[in-house]
Structure formats: structure tokens, C-alpha cells
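Observations on chain architecture
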Amino acid sequence: MLCNRLPAVLLPELRAGCRFQCPRPTLIHARSAHGADGGTINESHIRNIGILAHIDAGKTTTTERMLYYSGRTNSLGEVHHGNTVTDFLQQERERGITICSAAVCFDWKEHRINLLDTPGHIDFTMEVEQSLGAVDGTVVILDGSAGVEAQTVTVWGQANRHQLPRLVYVNKMDKASADFNGCLVEMRNKLGAVPVPLEMPIKKDGKLLGVIDLLSSCQVIWDLESKGRSYHTAPITDPDDKSRVRQQLYELIDLLSGMDDNLAQAIIEAESMEKVPLKLLLDALRNCTVKQQIVPVLLGSSYKNVGVQLLMDSVLNFLPASNERNHVYNCFGNDFVGKVFKVTHDKQRGPITMIRAFRGVLKKNSKFFTAAGSTETVQRIYEPLADEYREIDSFSAGNIGLCAGPKATTTGDLVVASSAVLKKALKKLSTDAVETTEEHHLLLSQKLGLQTAVPDAVYFCSIEPPSSGQQTALDNALREIQREDPSLRVRFDEVTGQTVLGGMGQLHLEIVKSRILSEYRIDADLGPLQIAYKEALQEPCRGQWTAEKDIAGSKQYVQIDMTIAPSTVDTVHCVVLDNSSEAQENLKLVRPRQMAYFRKGALAAMQRGPKVGGQMAICALKLHSLTIGKGTADPFIMAAAAQCIKSVLSGAKCRLLEPDMFLEIVTPCQHLAPIMADLSRRRAQIQDVVPRGKESKVLKVNAPLAELADYSTVLRTISSGTASVSMEPNGHSLLNDSEETNALRRSFGLE
């Protein structure tokens, strides 16, 4: 029968009446982790996964259980106790949230799992984006009582952009308000996914005891007194449950047969669904998951120690191995190639570069070459276990290593064994000749997807050291934190003479200040938070600029004629060349290196508009003429371009764009009216109101960020602490005249 055949990976011969015990919690040595003797691990036995979810859905708790049940740790950490492995920063333990993504590795059933625990708060979405470039699949965790929340939609979209297969784990099913079927409906409606439930919950007296596994058609019950390490199977005795399991299993086979030809052929030959081999069914599940046609859905309660082992089994069964993806790196052959997905700083070890290896082996005391053109030395290599550092000799293709020694690597860098290896791979990638460094970067970004999208800042504020003697130390601290977190913008404002920080939210900037104090012992002062307005041109404006100066006896000369005009799309600022015959005669005399410095200076100047110093948006620059005197230094060209932009914009007509936020508010029905009345006073647009359960409503709202100061506190007051809100950036919108006047007054401190 179908229910009596199950492969060893998915619970060892899961049959009714079997009892299982997780490995004794003893630490895994480095030799078994990455082959400290220089050996390599079979890539088919490696899984690189990221844990994604809305804030407080249970990512860190689930990760903690995985480490414990696999024998990687010998005690269960809890978020509310501040003793979890992956939340190791002081700020994470104080606030009970994940701020920085953390890498851990563990062995499970003769497989290696490299896991990245990511933040759920929208302010730290850059950490999620960095991590997704290093994994081959994801586990998306839902709160069984909340379903698909706002940040769930965001991280799902990020996984879509990276084309990552995923599993869904519905957590917190022990809650009375948990609704497994409701989560499946929301996955279809909100995420556009095809959920395939593989389990059903078993509850008794309001407690989640276990699950019914559809594939083996038996119950799996956990021994809660053993912290979930022991569990056993039992036959299904309830006739209604038997009927439901059989019906759902047939529906599953019917769905998969429409996607997998081998399964369809087997059903036709057997003339019955009951006689289909389970291995064929599992192969179809895996193939369809890897192709992102379906999303297997499991359930449990990580905090109550139920369901985590089956989730780990499913990671092995249904998510792709390292060698099943990333075929674009085949052009490197057996030579080492990897990608930097995160950089951290350790007080004793200095910069730590996290690298995902795609091909070859990287050994300690070796060197690698970056696509940016620098050579770095790897002094030591550590296996990933959050902030613990256990030294190993090497790590191979498919694995993740933490490297001490590299000084200049940044997130997204491609690292290879040597420059010769890179040139050889570039020839295989392109049929055309690739000569310049810019062409190298463009080809690598297009083919290998190395560019990391950095979101725009929504808040900014000034930061100052407690004394002028600590300014250098503060600059170094900000440089290190920005290298770890590219979403933090740091710039020096020449007008005010201050260092200005741009961030994803109030919490983001508060965490930066807290880290500067706790890690660098600098009690820096943050100025008042300001909204990060953008500025848009109303009409084209043209201008000329001539810069002429003698520097150390050398005459410097640059003459520029350009037009800045509104663009039809809000893209990264671009510099286009005038294609008229007269302009082309002049521009063809400009060397490529000189043009590169002109672009650099021009694009940097576009970051500061004439009204409030906001970034110029939805505009493009057209260059009509560029004359550069003989012997003119490249930095002088860059400075002249910036001065010309400033001159042109000084007489331009601009309007302000304010950042908007998408809010998802969950509230009991009795508080709906006062919440909506308060939102109307905040210039909010209510997009939808949908029911959640019998007593709650979910409001989907678009509102200006300027009107949401301390909104979560106000919401708790209105609802007597029963409502909750999550928000994320939702683009920018044009201000009308009166609103722009108020915004200018706020920006200049007149209100």
C-alpha cells in the first residue's frame, strides 16, 4: 500500500507504531562540518536555506529548535530569555528581535544544512536581500493565527526576484485562534502561490499534540516532556480523519499529475491512484517545488517543540541541493569562485567576510582575487555558527565560510582564485570582446546577478561625536557599520558641516546609535529625525559651466553644457549623450576615463536637490558638450561636473515628493471606527478592509510617513492595546502647495 513505503530521509521508515529519538545534543566538530582535513562534501548532501517571515512569526525560535534537535547545541535558547544562538547582538537580546542575519550550520540525517536566520522587521530588509543571494531555497514561516502579513508579502517578493524554491511552515498552531486552512487560502489570494498541504493538525483540549502526515497516512505525536526530542507514530483511528486524509492525498496526486509527466504516466499505467509508488510521488513533489510550481506546506509549534523535525526532513526532501542550481558558474570549471554576501566586524578578528562558494575549494592562508580588481589574503576560515568562531582549514563548493583577513571586500563582490581564472570565465560568458573594467562589471552583473538593490532611505538625521577629538573614531565606526549594512547612508553635508545618516526607519537609526555606543564606546548624539523627501523637476533646465584654475603650475580647464529634464520613469539617474552631429563631434574627443569621472561627479551631485537637499528623482541628464583642457586632472573633472549640476538646479523649478508607507492594521471590530477616523486626519487612503476570524478586521492603508510619527503608540491608546500595525515603504507621492509649505517649515525647523 502507498502508506507503507517512505524513503529514509523523510522520517526513517515512518510507519504506525514506530518511536523516534533525536540525536543526543552533543556539539559537532569542525572536521565533520566542512572537512577540516581538506576533504570536500558531496554537494548533493548540502542544503543552503534562508528563514523568512514577518516579525514575531517564530524564525529564531524555529532555528533554535533545529540546532538543538540536530545535536548542534546542548540547550534550548529562548528569545524572551535573550540566550538564542542567532540573536547575539546586545540590541537583539534587549529588544527580542532579529536585527542582523546570522549564519549557522548543522548536520541532519547525513546531510549538511547551512541556514541563514534573517530579520522580520522592515527596517532591516537589506539583511534579507543580502542573504537571499547565498541560498538555494527558503523556508517561509507564517503565524498560524495571523496568516500572511505585510512583511510576509515583502519577503515573498524578494524570494521571487531571486527565483528561490520555498517551503511554508505554519507556526504557532497551538494557539486557539490558529487557522491552518485560512493560511492556505491567504497564500493563494495574497501570494499567488499554489500551496500543497502535507500535514493536518492534531489538537486535544486546546493543545497541539502532533500532526497527521498525509504521505505516510499516520499520526506523528511528540513527547512534550522531552522538549520534543522524542516522537512516535500511531495509526489513524478516527474514520472521519481517515476519509479526509485519503481525500486530500488523492487531491495532491491529482494536482501533481497535471505538472509531472512521470507521475501522470504511472497513474495511467496503474489505472489507480492507490498503486502509485510513493517514491514517484515524492520525486514529483520535489521536481515541482524546485521548479517553483508548488509550495509544500507544513505545520507545528516551534515554541511548544512540535513539528520541527518533519520540517527539517522536508528541507532535505524538497528543497534543491547546491549542485542543482547556479549552473551559470560552470564557466569557472573546478577553480574557486564565490560570492560575498555579508561583512561583519569582530573586535579581536577585525573584518569577517562571509562567502558562499559555488565552485572549487578555498583554503586558509591562500589568496583570492575580487572582480573589483584587488587581491586579498585569507588568514583564517571559520565555520558558521552565529558569533562563535571555530576554525577550519577550508570550505568547498556549496558551503559557506567566514574568512578573516580580507580588508576591502564588500557585499556582492565576486571572488575567484586568480585574475587569470576570471578572464577565462569572462571569455566563456561572452562571445564579444570584453576589454575595460566597466565592461567586466557590467557583464558580471548581467550574467551572475551580483548587484544588490539598496532601498532608499526614508529618514535621515545628523550625528555628532561628544567631542571633536572623537570625530575620526566616529567616522571609522560609521564606515564599518555601513560596510555591514549598505542600507545605512552616510554623507557629509558641506552646507551644514555635519555628518548625516540616512536609514530605513526610526528603529534602524536608533540601533546604529546603540551599536556605536556599545561596540565602539562613542556616545554620539543624533539630531532630530527628518523625512527623506525627494525632489522632482517640473520642466527641463539647461545650463553651462566653465571651471578654470591653476593648480601647482598646471592649468585645469573644463567647459560643460548640459540639460536636466524630467524622466518618464523613476529609475537610477542616467547620463545620456546628445546624438546631434554637432554634439557628437565634440563628445568623441572625450576619453572614456574622463567620461567616467564626469558621470561619477554628476551622479553624486544629483543626490542633493535645491529645496531641502533631497535626492533628485525622476530626472535624466543630457550632455551636449564637454571640453577638457590638456593635463586636466580627473578629480577636477568630477568637481566641475558637480558644480555645473548645482548651478543648473539652482534656477530650476522643483516640487517635493514625500515617502509613503503601506500599513496593515489588525484590530478588533469595536475599535474599527475610531481607528479609521484617526487615519483620515493623517491624509491616509484606506485601500481595503477585510475580516480576519469572527471578531477582527484587517485594514490596508497607504499613508504619508510624515503623518505617522509614533503611530504605533497612538494605535495602542485608541484600541486599548488590542490592535497591532506593521508598515513598509510604498514609494513617493507629489505634495500639493500647502503640504509642501508645511514640509519646508518642518525641514527648516520652523515648526
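In the block above lies the structure referred to throughout.
Calculation notes
- Residues numbered from 1 in each chain as written.
- Predicted model: local features only at pLDDT ≥ 70, side-chain atom pairs only at ≥ 80, totals over all residues.
- Heavy atoms only, no water.
- Helix = DSSP H or I, 4+ residues; strand = E, 2+ residues; numbered from the N terminus.
- Buried < 20%, exposed > 50% of the residue type's maximum accessible area, 1.4 Å probe, protein only.
- Contact = heavy atoms within 4.5 Å.
- Areas by Shrake-Rupley, 256 points an atom, 1.4 Å probe, with all protein chains shown as cover.
- Axes fitted to C-alpha atoms, helices over the stretch in contact; angles between N-to-C directions.
- Parallel < 35°, antiparallel > 145°, perpendicular 65-115°, else oblique.
- Nonpolar A, V, L, I, M, F, W, Y, C, P; charged D, E, K, R; others polar.
- Salt bridge = Lys/Arg side-chain N within 4 Å of Asp/Glu carboxyl O.
- Pairing = 2+ DSSP bridges.
- Core = buried A, V, L, I, M, F, W, Y, C linked by side-chain atoms within 4.5 Å.
- Polar contact = N/O pair within 3.5 Å; in protein donor to acceptor, adjacent residues only side chain to side chain.
- Phe/Tyr/Trp six-rings, centres within 6.5 Å; stacked < 30°, edge-to-face > 60°.
- Lys NZ or Arg CZ within 6 Å of the ring centre and 35° of its normal.

On to the overall build of the chain, then. Looking only at helices and strands, the chain has 20 helices and 37 strands in total. Per-residue burial over the chain gives 55% buried out of 751 residues. A separation threshold of at least 6 residues defines the contact pool for the chain, and within that pool the share at least 24 residues apart is 74%. Carbon and sulfur atoms provide 49% of the accessible area of the chain, an area that totals close to 32,700 Å².

Quick look at the packing of helix 2 (residues 59-69) against helix 10 (residues 308-318) now. At their nearest, the axes of helix 2 and helix 10 sit 10 Å apart, and the two run at 85° to each other. Taken together, the axis directions place helix 2 and helix 10 in an arrangement best described as roughly perpendicular. In contact with Thr62, Arg65, Met66 and Tyr69 of helix 2, helix 10 contributes Val308, Gln309, Leu311 and Met312. When grouped by side-chain class, the residues that make up the contact of helix 2 with helix 10 number 5 nonpolar, 2 polar and 1 charged.

Now for the pattern of salt bridges. All told, the structure shown has 32 salt bridges when counted by the stated rule. A salt bridge links Glu391 to Arg380; the nearest nitrogen and oxygen atoms lie 3.7 Å apart. Remark: Arg380 occurs in strand 18 (residues 380-385) and Glu391 occurs in strand 19 (residues 388-392); sequence separation between them is 11 residues. Between Lys588 and Glu585 there is a salt bridge whose closest N-O contact spans 3.4 Å. Using a relative accessible area of 48% as the deciding quantity, one classes Glu585 as partly exposed. Three or more residues are tied together by salt bridges with common partners; here these are Asp56, Asp143, Lys172 and Lys175.

The next subject is the pairing of strand 9 (residues 207-213). Here strand 9 lies mainly inside the structure; 5 of its 7 residues are buried. When strand 8 (residues 199-204) meets strand 9, the two strands line up antiparallel, connected through 6 bridges. Within strand 9, the residue paired with Met200 across the bridge is Ile212. Between strand 8 and strand 9, which pair antiparallel in sequence order, lie 2 residues; one of them, Asp205, sits at a positive phi of approximately 55°. As paired strands, strand 9 and strand 10 (residues 218-223) are joined by 4 bridges and run antiparallel to one another. In the strand pairing of strand 10, Val211 is matched with Val220.

Here we come to the nonpolar core. Inside soluble globular proteins, nonpolar side chains tend to come together where they are buried. Ranked by size, the top nonpolar core spans 46 residues in total, and within it Val139, Leu215, Leu256 and Leu285 carry the most contacts. Excluding its chain neighbours within four sequence positions, the residues that come into contact with Leu256 are Leu263, Leu281, Ala284, Leu285, Cys288 and Ile294. Leu52, Leu191, Val297 and Ala404 belong to the second largest nonpolar core, which has 42 residues in total.

On to the environment of Asp143, then. Summarising the element assignment, Asp143 is placed in strand 5 (residues 137-143). Take Asp143: its relative accessible area is 7%, and that puts it in the buried class. With 158 residues separating them in the primary sequence, Asp143 and Ser301 have C-alpha atoms 9.5 Å apart. Side-chain polar atoms of Asp143 contact the side chain of Ser145, separated by 2.8 Å.

Here 4 strands make up an open sheet; going across it, the order is 29-30-33-31 and the pairing mixed. The outermost strands of the open sheet, each flanked by one partner alone, are strand 29 (541-551) and strand 31 (575-577). In this sheet, adjacent strand axes meet at a mean angle of 30° when their direction is disregarded. Across the sheet, helix 16 (residues 592-605) lies against strand 30 (554-566), strand 31 and strand 33 (619-628), angled at about 135° from strand 33, the strand it touches most.

Overall, the coordinates contain 6 aromatic pairs when judged by the stated rule. An aromatic cluster is present here, built from Tyr329, Phe332 and Phe358 joined pairwise through their rings. In this structure, Arg166 packs its charged tip against the face of Trp156, placed 4.6 Å from the ring centre.

A few words on the pairing of strand 14 (residues 350-359). Most of strand 14 is tucked away, with 9 of its 10 residues classed as buried. Here strand 13 (residues 337-346) hands over to strand 14 after 3 residues, the two strands then running antiparallel side by side. Where strand 14 lies against strand 21 (residues 400-404), 5 bridges are found, and the strand directions are antiparallel. Within strand 21, the residue paired with Ile352 across the bridge is Ala404.

Below, the discussion takes up unusual backbone geometry. Positive phi is not limited to glycine here, since Gln163 has a value of about 55°. Examined against the element boundaries, Gln163 turns out to sit in the loop between helix 5 (150-161) and strand 6 (166-171). Since its relative accessible area comes to 53%, Gln163 is described here as exposed. Of note in the backbone geometry, Lys227 takes a positive phi value of approximately 60° without being a glycine. Take Lys227: its relative accessible area is 43%, and that puts it in the partly exposed class.

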